[in-house]
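Residue-level listing of the chains:
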Amino acid sequence: MHQNALTETPAFQALTRHQAEADRWQLRDLFTSRQDRFSRYSLDAAGLFLDYSKNSIDDTTLSLLMDLARERGVEAHRDAMFGGERINNTENRSVLHTALRAPRGSRLVVNGQDAIAEVHAVLDRMAAFVERVRSGQWRGRSGKAVTDVVNIGIGGSDLGPEMVCRALRSYSQPGLSFHFVANVDGHDLDAVLSRVNPETTLFVVASKTFTTRETMMNAQSARAWFLQTGSEADLAKHFVAVSTNTDAVRSFGIDPDNMFPFWDWVGGRYSVWSAIGLPVALAVGFDNFRQFLDGAHAMDQHFRTAPLESNMPVLLAMIGVWYRNFFGSGSVSIAPYHQDLGQFAAYLQQLEMESNGKRVSRSGQALQVETCPVVWGDVGTNGQHAYFQLLHQGTDIIPVDFIAALKPTHALPGHHAVLLANCFAQSEAFMLGKDADEVRAELKAQKLTDEQIATLLPHKVFPGNRPSNTILMETLTPAALGALIALYEHKVFVQGVIWDINSFDQWGVELGKVLAKNIEPEINGAPRPEAHDSSTNGLIARARAALSSSPA
Ligand code: G6Q
């Protein structure tokens, strides 16, 4: 679907005019002038609650943003994705991660096959395997049960399962440890191998293509390590694969019976719902994995059916567009006030930046507007003691998404109220700030002299007017986490539609997979034409000299 330039649409132009007014608003005044802001600008969906009242928006802003969403065809694009149309136009693929969490019995024909029936056939195989491993029926080469699972994968074949395993830590089976090796840096694999026993370790080699250099090298090294004490015949008890590439799995030496397939219509960063989620299912059990899928499906249903005005992913997306394209905000911070969501920001970094970090439209035209902002963050409260300084008093205005669970999954008294108090206090402080009069009164009460007050005052003023969303869930359950991830997936989708981006390819990532291939033999001593620039030539020469003299 070809789109007109975003800036030429009537809604974009109306929003540009409206922004001139909104730019003068103070969030604290918006709250004083409308007592119902919280109830008006918040909603529940799929077990999540979103408070978006602490944003520089009013009814007009929202109505114009929804006009923009309609003008860009968000509803039609959404239906095309769910319907299996090949919306990933540069790879000529459907985009059907939503089919991975559809309930048994629904139907969707893709490439002549019922995709949902295929999904459930694999889920059934996963369920049986998970049960055997967790119950101890699956035995290693010396007859012992599995104690350690090592996932070898990178990017989309690593970040999802690792983030989710950590997030659902309190649902994990005791006695089963999970390790994730992604980096081709041997220190990564070495650190894990030094902690596990080959007799009780199960390796999951996770790669959609089964050609990714990092993963293949780590898998080969893990295999060689295993064969130091085990035999080729024992490999089947210790290595399983998750992939779309049966031939490559077979030639690696993994029995296709020990392979869990998925499909080209599952993008890497959208694949945790597929067999790529096998470590999650092993950790939390298949029923909990199903709950995780059901939570995402509930968000899918909401996204599909709710009017745009009360559609959580659409609201989150359009508020993001408001700051990105009309206020020029170049970054967004994610602040989960939940230790178990420690990798959620890193996960979203890939989801958002790999999907929408693009500079041309679906039809290849250079875009005239800014697209994906930089996404970053870490758990609260730790961030408060570090980079929150910049969020409060720096020169950039960085919108923040606060994420919290109302109830903990631990039993330690007192902690959770302190955690939530911090979370709510931060969003309040970002919104309110502290003006010169308030600072002066505070310093006077501390009996400072007028001269001392004059010196300190500018440093202690907080401009406020800094926007945030707050997303709450009851507890961090598998279903709530599923809904949360799906919320962001659909947010990314909507923003991609607004910007006219193909959110489902990743040519920048593919480039990285090719470039290093030329340099690797040169570092290893191959005859060198000095074919690069002087910097790259110089760096290669240093590495070559160091490696040729090192004992390893
Ligand atoms: C995700 C990207 C990328 C990919 C990795 C691993 O959307 O395409 O992060 O997941 O490069 O690829 P393989 O699974 O094919 O090894």
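Residues numbered from 1 in each chain as written. Predicted model: local features only at pLDDT ≥ 70, side-chain atom pairs only at ≥ 80, totals over all residues. Heavy atoms only, no water.

Asks: What is the right way to look at the overall build of the protein chain in this model?
Replies: The helix and strand tally for the protein chain stands at 21 helices and 13 strands. Taking all 552 residues of the protein chain together, 52% fall into the buried category. Per element, the accessible surface of the protein chain, about 23,600 Å² overall, is 53% carbon and sulfur. Distance from the positive charge centre (49 side chains) to the negative charge centre (60 side chains) of the protein chain: 2 Å. (Helix = DSSP H or I, 4+ residues; strand = E, 2+ residues; numbered from the N terminus. Buried < 20%, exposed > 50% of the residue type's maximum accessible area, 1.4 Å probe, protein only. Areas by Shrake-Rupley, 256 points an atom, 1.4 Å probe, with all protein chains shown as cover. Lys, Arg positive; Asp, Glu negative; His and termini not counted. Charge placed at Lys NZ, Arg CZ, Asp CG, Glu CD.)

Asks: Sorry, what's going on with the nonpolar core here?
Replies: Burial of nonpolar side chains together is a common tendency in soluble globular proteins. Among the nonpolar cores identified, the biggest contains 126 residues, and Trp265, Leu278, Phe344, Leu481, Leu484, Tyr488 and Ile498 are the most heavily contacted of them. Ignoring any residue separated from it by four or fewer positions in sequence, one finds tryptophan 265 in contact with Ser94, Val95, Leu96, His97, Ala99, Leu100, Val110, Ala115 and Val119. Residues Phe226, Val249, Phe252 and Ile254 belong to the second largest nonpolar core, which totals 23 residues. (Core = buried A, V, L, I, M, F, W, Y, C linked by side-chain atoms within 4.5 Å. Contact = heavy atoms within 4.5 Å.)

Asks: Explain the packing of aromatic side chains to me, please; I cannot follow it from the model alone.
Replies: Two descriptors summarise a pair of aromatic rings, namely the distance from one centre to the other and the angle between the planes of the rings. All told, the structure shown has 27 aromatic pairs when counted by the stated rule. Taken together, the aromatic side chains of Tyr337, Trp376, Tyr387, Phe388, Phe402 and Phe430 make up a single cluster linked through ring pairs. Positioned above the aromatic ring of tryptophan 273, the side-chain terminus of arginine 101 is 4.5 Å from the ring centre. A cation over an aromatic ring shows up here: arginine 223 above the ring of phenylalanine 252, its NZ or CZ 5.7 Å from the ring centre. (Phe/Tyr/Trp six-rings, centres within 6.5 Å; stacked < 30°, edge-to-face > 60°. Lys NZ or Arg CZ within 6 Å of the ring centre and 35° of its normal.)

Asks: What exactly am I supposed to notice about the sheet that holds strand E2 (residues 48-51) here?
Replies: In a beta sheet, neighbouring strands pair by backbone hydrogen bonds and run either parallel or antiparallel. As summarised here, the arrangement of the six strands in space is E1-E2-E13-E12-E10-E11, forming an open sheet in which the pairing is mixed. Two strands lie at the open edges of the sheet, namely strand E1 (42-45) and strand E11 (374-377), each paired on one side alone. Mean inter-strand twist for the sheet, computed between neighbouring axes without regard to direction, equals 20 degrees. Docked against the sheet, helix H14 (residues 344-356) engages strand E10 (331-337), E11 and strand E12 (400-405), running at close to 175 degrees with respect to E11. (Pairing = 2+ DSSP bridges. Axes fitted to C-alpha atoms, helices over the stretch in contact; angles between N-to-C directions.)

Asks: Explain the layout of surface pockets here, please?
Replies: The rolling of a water-molecule-sized probe over the atoms marks out the regions of remaining empty space. Roughly 790 Å³ of volume is contained in the largest pocket. Taken together, 39 residues line the largest pocket, and the ones lying closest to its centre are Thr209, Thr212, Val509, Glu510 and Lys513. When residues of the lining of the largest pocket are traced back to their parent elements, those giving at least two are helix H9 (213-227), H14 and helix H20 (507-523). In terms of residue count, H20 provides more of the lining of the largest pocket than any other element does, five residues in total. Partitioned by chemical class, the residues of the lining of the largest pocket number eleven nonpolar, 17 polar and eleven charged. Taken as a whole, the second largest pocket holds about 420 Å³ of empty space. Forming the boundary of the second largest pocket are 13 residues, of which Val184, Arg213, Met217, Ala516 and Glu520 lie nearest the centre. Broken down by secondary-structure element, the contributors of at least two residues to the lining of the second largest pocket are H9 and H20. Considering each element in turn, the lining of the second largest pocket owes the most residues, seven residues, to H20. (1 Å grid on protein atoms, 1.4 Å probe; cavity = no way out; pocket = protein on both sides within 12 Å on 5 of 7 lines; lining within 4 Å. Points joined across faces, edges and corners; volume = space filled by probe spheres on them. Nonpolar A, V, L, I, M, F, W, Y, C, P; charged D, E, K, R; others polar.)

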